[in-house]
Amino acid sequence: MDDLSEHLQPVPGQRLRFGSGAEGIERLEATLVGEAFATHRHDTYALGVTLSGVQTFRYRGERRHCLPGEWHVLHPDEPHDGAAGTDEGFGYRILYVDPFLVREALGGGPLPFVADPIVAPSGMDPSLLTCLRRMDEPLGEFARLEVAVLVADALRRHAGGPAQDGPGPLAVAALARVRELIAADPAARLTVAELERASGLDRWTLARQFRAAFGTSPTRFRTMRRLDVVRRALRHGTPLGEAALEAGFADQAHMTRMFKRAYGLTPGRWLAALRP
């Protein structure tokens, strides 16, 4: 299991905590012990992962059970309740995504309907779990699009419709312009509109094709280039806080988190390891 469960401590009743969101996307952590959510419905898609305990809910006339590591997928406007399947209660994290955003990510057409709301851990892109594990980190403009694409593709796949044909022929020259633009000044806060103008591609094509062409998302590519700036600055004696700001990070703590994820060491330990 992922380490998400360490954040959830059973308490009597209900506990809800919202993470950082973006337009059309909310992230929520919930724990429930001894009490149930009454029947209700959302006007969004809901994709959640159970982290601890057993989650049970009635959905489209059937009682469902969602175990740790499993996902549940609820269609907009479908009534459902929620309760703990054992006395120990349960905990989960969940994404709420505006159907309009899903439709845009799919390029139009009918909204996908997932008939079986329980999805095995292997049935979801690991990046969606990462999105929930890091739910307190801001979702930037492009990261919002990347999450929408992941959700839309997951919904289409589990709705049993035609398989996604992949990103199509890659606009390599246009994608390379975006890559070079980011690499030239990773600290710059480029907007999605600016990247569209630079590439001549719409934002959804850009989000899908960049990963296919370069093996990573534009957001991740920018983070790694920012860390390149940090490493160069540290090797030239720049203090950590100054290096973080120079590279475009919000602060030293943000930079340190990204640095450790990328290299397995804090910046201080990395720098010390370089010294004779």
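Structural data are supplied above this passage.
Residues numbered from 1 in each chain as written. Predicted model: local features only at pLDDT ≥ 70, side-chain atom pairs only at ≥ 80, totals over all residues. Heavy atoms only, no water.

1. Focus: the environment of valine 97
- Along the polypeptide, valine 97 turns up in strand E9 (residues 90-97).
- Setting aside residues up to four positions removed in sequence, valine 97 forms contacts with Gly24, Thr44, Tyr45, Val102 and Val151. (Helix = DSSP H or I, 4+ residues; strand = E, 2+ residues; numbered from the N terminus. Contact = heavy atoms within 4.5 Å.)

2. Quick look at the packing of aromatic side chains
- In this structure the tally under the stated criterion is six aromatic pairs.
- Relative to phenylalanine 214, the ring of phenylalanine 210 has its centre 4.9 Å away and its plane inclined at 65 degrees; by these criteria the two rings are edge-to-face. Note that phenylalanine 210 and phenylalanine 214 are positioned in helix H6 (residues 203-214) at a spacing of four residues, about one turn of the helix.
- By relative accessible area, phenylalanine 214 is classed as partly exposed at 29%. (Phe/Tyr/Trp six-rings, centres within 6.5 Å; stacked < 30°, edge-to-face > 60°. Buried < 20%, exposed > 50% of the residue type's maximum accessible area, 1.4 Å probe, protein only.)

3. Considering helix H9 (residues 252-263)
- Taking 1.5 Å of rise per residue, 12 residues should cover 16 Å, and H9 covers 16 Å from first to last C-alpha, within 8% of that figure.
- Of the positions making up H9, those classed as buried are Met255, Met258 and Phe259. The arc enclosing the buried residues of H9, seen along the axis, measures out at 105 degrees, which places them on a common side.
- Among the structural elements, helix H7 (218-235), helix H8 (240-247) and helix H10 (267-274) are those in contact with the buried residues of H9.
- For H9, the side-chain oxygen to backbone nitrogen distance between the N-cap and alanine 253 is 3.3 Å, and the N-cap itself is aspartate 251.
- The positive-phi residue at the C-terminal boundary of H9 is glycine 264, with phi of around 80 degrees. (Expected span 1.5 Å × (residues − 1). Arc of directions from axis to C-beta. Polar contact = N/O pair within 3.5 Å; in protein donor to acceptor, adjacent residues only side chain to side chain.)

4. Some words on the packing of H7 against H10
- Close contact between H7 and H10 brings their axes to 11 Å; oriented N to C, the two are set at 50 degrees. By the angle between their directions, the pair H7 and H10 is classed as oblique. The interaxial crossing formed by H7 with H10 has right-handed handedness. In this structure, H7 contributes Arg231, Leu234 and Arg235 to the contact, and H10 contributes Pro267, Trp270, Leu271 and Leu274.
- Partitioned by chemical class, the residues of the contact of H7 with H10 number five nonpolar, no polar and two charged. (Axes fitted to C-alpha atoms, helices over the stretch in contact; angles between N-to-C directions. Parallel < 35°, antiparallel > 145°, perpendicular 65-115°, else oblique. Left-handed = near helix turned anticlockwise from the far one by under 90°. Nonpolar A, V, L, I, M, F, W, Y, C, P; charged D, E, K, R; others polar.)

5. Some thoughts on the sheet that holds strand E3 (residues 37-40)
- Read across the open sheet, the four strands follow the order E3-E8-E5-E6; overall the sheet is antiparallel. Either end of the sheet is taken by a strand with one partner, and the two such strands are E3 and strand E6 (62-66). Neighbouring strand axes in the sheet, compared pairwise and without regard to direction, differ in orientation by 20 degrees on average.
- When strand E5 (residues 55-59) meets strand E8 (residues 80-84), the two strands line up antiparallel, connected through three bridges. Paired with tyrosine 59 across the strands is histidine 80, a residue of E8. (Pairing = 2+ DSSP bridges.)

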